[in-house]
Amino acid sequence: MDKDNRNICESKIFEAIYNAHAKDIRRFLFYKTQDLYKAEDILQEVFIKLWDNCNKVDYDKVKSYIYSIANNMFLNEVKHQKVVQNYGKYNKIESTNESPEFIMLEKEFLEKLESTVATLPEKQREVFLMNRIEKKKYKEIALLLDISVKAVEKRMHQALVVMRKEIGNV
Amino acid sequence: MENQNLHSNEETFLAQWLEGNLTDTELKKCISEADYNAYLKLRKGLDALDQLNASTEDTFNKIQQKIANKKTRIRKLYFVRWSIGVAASIILLFGLFSIFTTDLIIHKTNFGETKTISLLDGSEVILNSKSTITFNEADWKEDRQLTLDGEAYFKVEKGSAFTVNTNNGSVVVLGTQFNVNSKDDFFNVVCYEGKVSVNSNSLDYILLPTNSFRKINGSSSESSTTQLLQPTWIDGESTFKSVPIKYVITALEDQYNIKIDSELIDDSIIFSGSFPHKNLNIALITVFDALKIRYNQKEKRKIKLRY
C-alpha cells in the first residue's frame, strides 16, 4: 500500500474504514450500552473524532484507535449518567429510565442466537430469514415458496422452538 | 371455543405472536413462565440483531453532515486567525517604526551661549556658542556616535569607541578629553588627555595630549600647540593661535550675535590671541587693535571693519 492509500483524511479511505468497522463498533457499543440509540450516537461521535484526528492516526492502528475511542466515549457516557442519576437522587426525582421488565441482551446471548439462526434446518431458516431480514409477511412467503400460509407459520413456529431449546434457560 | 382455537394454533402460535397477531398476555397463557421469559428475550434479541445488522449508511450520512457543519466552524476559526494576523502585522509595523525612526536628540546653543550636556554613559559635552550636536539616544549604548556642527569640548568616559562626526571629518576616541571645532571649512581638534584619532579626507591622525589637528580650507596640519588643561572658551575666553582672521570674525559673530563687515580688509591675516565672551568692546579692542584694524558700529549689531 502506498502512502496515499493510508491517508485517513482522504474521504474515500475514511469511508472505507467506516464501512469496514461501523457495524462492529455499533455492536460493541450496543453490548455495553444495551441501547441502540446511544450506540448510534456514540458511533457518530467516534467517527467524527477520527476525522478530526485523521492526520494523527496511523492507518495500521486505526482499528484499535476507534475501539478505544468508542470505549472511552462509552465510559464518559456512563460517568455522565451517574452524575445525572445522583442529581436525580438529591433532588428526589424518581428516575424510571429503565422499565421493570428490562431484558439484558448479553453479548454471548446475541452471538448464540445468531449462530443458532445459521444452524436452523434449511426449510425453517429460509422462512425465518425471509420474514426477519426481507421483512416479508407470511402470506408473501407462502406465495413465493408456493406453500400454504399455515405451512409457513409452522416452519416459523418450529424455528422459534428450536432457538428456545438451543439458548436454554435465560 | 377459545381452547379449540388455541389448540388449532398449537403448531403456529409462536409464529402468530412474533408477527404481532397474538399479544404477549395471550402467549403467557399458552406456555410456562420460563418459556414466556425466554421467548420475550428471544424476540428482543432478534429485533436487536436486525437493527445491529442493518445498514450503517444513514449514520454515515449523519456523520458527514456533522463534519460539514464543523468545517464552517473551522472557517470561523480561520477568520479569528486572520484577524489575529492583521493585529500582529500592525504591531509588527509599529515595532519596525520604533526601530527605524530613531530617537534623535538635538542640543543647540545660541549666540554667546554655552551648554553642558551629560550623555547616557556619563560622558560630558560642553557646547560653545552657535553649535549643535545630534545623537541617537536609543542605540547610544551600542554605538557612541554624535554629529557636531560648531565647537564642543568632550570629556569622554571610557568604553567603546566614541565618534564625533563633522562635515570636515570624524574624531574617534576611547576615553579622553578633547575639543572639536568644526565651523564651515575650519576644522580644529585639540587633545587634552588620552589619545584621539582624527579622520579627515580619508587620512588618519593620532593626537596625543597637547597635540592639535587643524584643517583650514582643505589643507591640514598637525602641530603641538596647547599647554592648557582645557579649552579657554569654557572659562569665557576664545583663544586662537595662527588662525586667519576670518575665522576669528566668525567666532566673534557667533559669540556676540553681531554682523561684521570685513569687505574692506584682508581676512586672511593670521591672528594669535584671545577675546573674552562677556564684553564686546574689550573683545573688539583685543582682536582688532592688535591688527591695527579700525572698526565702527554703524547700527546696532552691525560692525564695519577698515584699515
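Bear in mind the structure is a predicted one, so any value in this text is a computation, not a measurement.

### Some words on the overall build of chain B
In step 1: Across its full length, chain B holds seven helices and 18 strands.
In step 2: Here chain B holds 307 residues, and the buried ones make up 29% of them.

### Some thoughts on the interface of chain B and chain A
In step 1: At the interface, 31 residues of chain B touch 33 residues of chain A.
In step 2: Secondary-structure elements contributing two or more residues to the side of chain B that touches chain A are α2 (13–19), α4 (33–53) and α5 (57–100) of chain B.
In step 3: When residues of the side of chain B that touches chain A are assigned to their parent elements, the largest contribution, 16 residues, is made by α4(B).
In step 4: Within the side of chain B that touches chain A, the residues separate by chemical class into 16 nonpolar, seven polar and eight charged.

### So, the environment of B:L305
Residues and elements named next belong to chain B.
In step 1: By secondary structure assignment, the location of L305 is in strand β18 (residues 302–306).
In step 2: Residue class for L305 comes out buried when judged on the 20 C-beta atoms lying within 10 Å of it.
In step 3: With 40 residues separating them along the chain, L305 and I265 place their C-alpha atoms 6.8 Å apart.
In step 4: Those residues within four positions of L305 in sequence are excluded, and the remaining contacts are I260, D261, S262, L264, I265, F288, I293 and Y295.

### Quick look at the pairing of strand β10 (residues 196–200) of chain B
Residue and element names in this part refer to chain B.
In step 1: The two faces of β10 differ: V196, V198 and S200 on one face are buried, but S197 and N199 on the other face are not.
In step 2: As judged from the five bridges shared by β10 and strand β11 (residues 203–207), these two strands associate in the antiparallel manner. Opposite S200, over in β11, you have L203 as the bridge partner.

### Details of the packing of helix α1 (residues 11–33) of chain A against helix α2 (residues 36–52) of chain A
Residues and elements named next belong to chain A.
In step 1: Remark: α1 packs on α2, axes separated minimally by 9 Å, with the N-to-C direction vectors making an angle of 140°. Considered as vectors, α1 and α2 are oriented oblique to each other. Viewed along their axes, α1 and α2 form a crossing whose handedness is right-handed. Residues F14, Y18, A22, I25, R26, L29, F30 and T33 of α1 lie in contact with α2, whose contacting residues are L36, K38, A39, E40, I42, L43, V46, F47 and W51.
In step 2: For the contact of α1 with α2, the class distribution of residues is 13 nonpolar, one polar and three charged.

### Topic: helix α6 (residues 245–256) of chain B
Residue and element names in this part refer to chain B.
In step 1: Helix length check: α6, at twelve residues, gives a terminal C-alpha distance of 16 Å against a target of 16 Å (1.5 Å per residue), a fit within 8%.
In step 2: Most of α6 sits out of view: ten of its twelve residues are buried.
In step 3: One or two residues past the end of α6 sits N257, with phi positive at roughly 55°.

### Some details on helix α7 (residues 280–289) of chain B
Residues and elements named next belong to chain B.
In step 1: For α7, the complete set of buried residues consists of A283, L284, V287 and F288. End-on, the buried residues of α7 take up no more than an arc of 100°, which puts them together on one face. Turned more than 90 degrees from where α7 packs its buried face, N281, I282 and D289 sit exposed.

### What to know about the nonpolar core
In step 1: Ranked by internal contacts, the top residues of the largest apolar core, which has 42 residues, are A:I25, A:L29, A:L43, A:V46, A:A70, A:M156 and A:L160.
In step 2: The leading source of residues in this core is α1(A), at eight residues.
In step 3: Not counting chain neighbours up to four residues away, the residues in contact with A:L160 comprise B:L14, B:L18, B:Y39 and B:L42.
In step 4: Among the nonpolar cores identified, the runner-up in size contains 26 residues, and B:V125, B:I133, B:F135 and B:L207 belong to it.

### Regarding the confidence of the model for chain A
In step 1: Residues with a pLDDT of 70 or more make up 88% of chain A, whose mean pLDDT is 85.
In step 2: Mean pLDDT per element in chain A: helix α3 (residues 62–90) of chain A is the minimum at 87, and helix α6 (residues 138–145) of chain A is the maximum at 92.

### Section: unusual backbone geometry
In step 1: Positive phi values are uncommon outside glycine, yet A:K135 reaches one of about 55°.
In step 2: Relative to the helices and strands, A:K135 is located in the loop between α5 (122–132) and α6.
In step 3: Of note, the phi angle at B:N257 is positive, near 55°, even though the residue is not glycine.

### Considerations on the pairing of strand β7 (residues 169–173) of chain B
All names here are of chain B.
In step 1: Side-chain alternation along β7 places G169, V171 and V173 on a buried face and S170 and V172 on a face that remains uncovered.
In step 2: Count of turn residues in the strand β6 (residues 162–166)/β7 antiparallel hairpin: two residues.
In step 3: Bridge count for β7 against β10 is four bridges, and the pairing is antiparallel. When the bridges of β10 are listed, V171 appears paired with V198.

Basis of the calculations
- Residues numbered from 1 in each chain as written.
- Chains lettered and ligands numbered in written order.
- Predicted model: local features only at pLDDT ≥ 70, side-chain atom pairs only at ≥ 80, totals over all residues.
- Helix = DSSP H or I, 4+ residues; strand = E, 2+ residues; numbered from the N terminus.
- Buried ≥ 20, exposed ≤ 12 C-beta atoms within 10 Å, placed from the backbone.
- Contact = placed C-beta atoms within 7 Å.
- Nonpolar A, V, L, I, M, F, W, Y, C, P; charged D, E, K, R; others polar.
- Pairing = 2+ DSSP bridges.
- Axes fitted to C-alpha atoms, helices over the stretch in contact; angles between N-to-C directions.
- Parallel < 35°, antiparallel > 145°, perpendicular 65-115°, else oblique.
- Left-handed = near helix turned anticlockwise from the far one by under 90°.
- Expected span 1.5 Å × (residues − 1).
- Arc of directions from axis to C-beta.
- Core = buried A, V, L, I, M, F, W, Y, C linked by C-beta atoms within 7 Å.
- pLDDT = per-residue confidence, 0-100.

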